[in-house]
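Residues per chain, in single letters:
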Amino acid sequence: MKVVDYFKQKRDGLSLHAFELKDLLSPSLREHWLDFVNRANRTQLGALVMHKQSASNDDVVEQPSKTKIEKTVVENIAPEAVVKAPAPIEMKPEAEALYKELTATLGEVIHTGEWMTVDQGRINQFADVTEDHQWIHTNPERAAEESPFKTTIAHGFLTLSLLSVLTDSVDPENQKFPTAKMTVNMGFNKIRFPYPVKSENRIRATTKIQSVKPVKRGLEIVQELTVQIEGVRRPGCVAESVIQLHF
């Protein structure tokens, strides 16, 4: 007797008394039994028994083609799981005009701020607010003797915090983007301080637009902000800033 015929005979015999057997089992054993039967039916041997086919070493299991697999996956995707392309963003006239203007100036300096003096008083105030009183910032006498710069220097974060005023982002009378109702600071992609700003140095900032794209409420702009130090070739700060303009 072939193995397949043996299992077929046993299966037919058990199927006649399936309900009686299940009634005799406890709920937990019944659950394990049903799980075992389902797993067995899904095997190659179970499939052969179900379809009354004979098995041999020459049998080749048909592998579904890639096309069939893709078709099956697509057919079984729930309608709500299909990702729809986002609707195009409709820009207000002011936003569209600024979008075209900025796109035409990518990589160019679109703004240069006024010079500002970073004196020791401003450095001391920043030290008090941040509680960073390291001597290289607040002790001119020690800095003159021990610092390689021979004077105190501004905190890097002080230079960074001055970008708002250096780029005319907080002056209502002199704004870079006057048609926007509101500017939202989204943060920075990267920040570097190539050279320290010494006490009494004058600094200013330039702005270059790296990218601009429409968003739900207006425009999102990535800009490169560079803090120049008067008389110094290297910048005090280079930051990649991300802002959103709401119209």
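For the structure, check the block above.
Small disclaimer: the values here were computed from a predicted structure and weren't measured. (Residues numbered from 1 in each chain as written. Predicted model: local features only at pLDDT ≥ 70, side-chain atom pairs only at ≥ 80, totals over all residues. Heavy atoms only, no water.)

### Focus: the overall build of the protein chain
- Across its full length, the protein chain holds eleven helices and six strands.
- By residue count, 27% of the 247 residues in the protein chain fall in the buried class.
- Counting only contacts in the protein chain whose residues sit at least 6 apart along the sequence, the fraction spanning at least 24 positions is 68%.
- Of the roughly 17300 Å² of accessible surface on the protein chain, 54% is carried by carbon and sulfur atoms. (Helix = DSSP H or I, 4+ residues; strand = E, 2+ residues; numbered from the N terminus. Buried < 20%, exposed > 50% of the residue type's maximum accessible area, 1.4 Å probe, protein only. Contact = heavy atoms within 4.5 Å. Areas by Shrake-Rupley, 256 points an atom, 1.4 Å probe, with all protein chains shown as cover.)

### Brief notes about the environment of W135
- Note on placement: W135 falls in helix α8 (residues 135-138).
- W135 gets classed as partly exposed once you look at its relative accessible area, which sits at 23%.
- Beyond its immediate stretch of four places on either side in the chain, W135 contacts R142, A143, E146, S147 and T152.

### Examining unusual backbone geometry
- Even without being a glycine, E131 presents a positive backbone phi close to 60°.
- When you line up the elements, E131 lands in the loop between α7 (120-130) and α8.
- For D168, which is not glycine, the phi dihedral falls at a positive 55°.
- For D168, the position within the fold is in the loop between α11 (163-166) and β3 (182-192).

### Examining the environment of T207
- With respect to the helices, strands and loops of the structure, T207 is situated in strand β4 (residues 201-215).
- The class for T207 is buried, based on a relative accessible area of 0%.
- The spatial distance from the C-alpha of T207 to the C-alpha of G113 is 8.7 Å, given a sequence separation of 94 residues.
- Discounting residues that sit within four places of it in the chain, T207 has contacts with E108, V109, I110, H111, T167, K176, Q223, E224 and L225.

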